[in-house]
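Here's the letter readout for the chains.
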Amino acid sequence: MIIVVLLLLALTIPIKTSLKDGGTVSYHAILYSVTKQHSMTMQNHSNGYDIGTSIRILFFKIYDDVHFVSEKEMNE
């Protein structure tokens, strides 16, 4: 019983990864991942950022609110 609990605990402990793309932070465990995205990108010839959060459980995306925000919108 103790081995099963320790195994389940090990499957849910996340590892934090920070990317140098403008501020994206990811937390990855074997069973899930959470990504808080803030990355510089270009869309329709406009510079801006992809901002939002996405969550995956067992490689299935269950939540994704990442959207593009232009620099003009950020400065207003």
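Here the structure is shown first, and the text comes after it.
For the structure given in this document, a descriptive report is provided here.

**What to know about the overall build of the protein**
Reasoning step 1: Looking only at helices and strands, one finds two helices and six strands in the protein.
Reasoning step 2: In the protein, the order of α-helices and β-strands from amino to carboxyl end is α-β-β-β-β-β-β-α.
Reasoning step 3: For 76 residues, the compact-globule estimate of 2.2 N^0.38 gives 11 Å, and the C-alpha radius of gyration of the protein, at 16 Å, exceeds that figure by more than 25%.
Reasoning step 4: Looking at the 76 residues of the protein, the share that counts as buried comes to 22%.
Reasoning step 5: For the protein, long-range pairs separated by at least 24 residues make up 11% of all intrachain contacts whose partners lie at least 6 apart in sequence.

**Considerations on the pattern of salt bridges**
Reasoning step 1: Evaluated as defined, the whole model comprises one salt bridge.
Reasoning step 2: Asp64 is the partner of Lys61 in a salt bridge, and the nearest nitrogen-oxygen pair spans 3.4 Å.
Reasoning step 3: Overall, the relative accessible area of 46% leaves Lys61 in the partly exposed class.

Criteria and thresholds
Residues numbered from 1 in each chain as written. Predicted model: local features only at pLDDT ≥ 70, side-chain atom pairs only at ≥ 80, totals over all residues. Heavy atoms only, no water. Helix = DSSP H or I, 4+ residues; strand = E, 2+ residues; numbered from the N terminus. Rg over C-alpha atoms; globule rule 2.2 N^0.38 Å. Buried < 20%, exposed > 50% of the residue type's maximum accessible area, 1.4 Å probe, protein only. Contact = heavy atoms within 4.5 Å. Salt bridge = Lys/Arg side-chain N within 4 Å of Asp/Glu carboxyl O.

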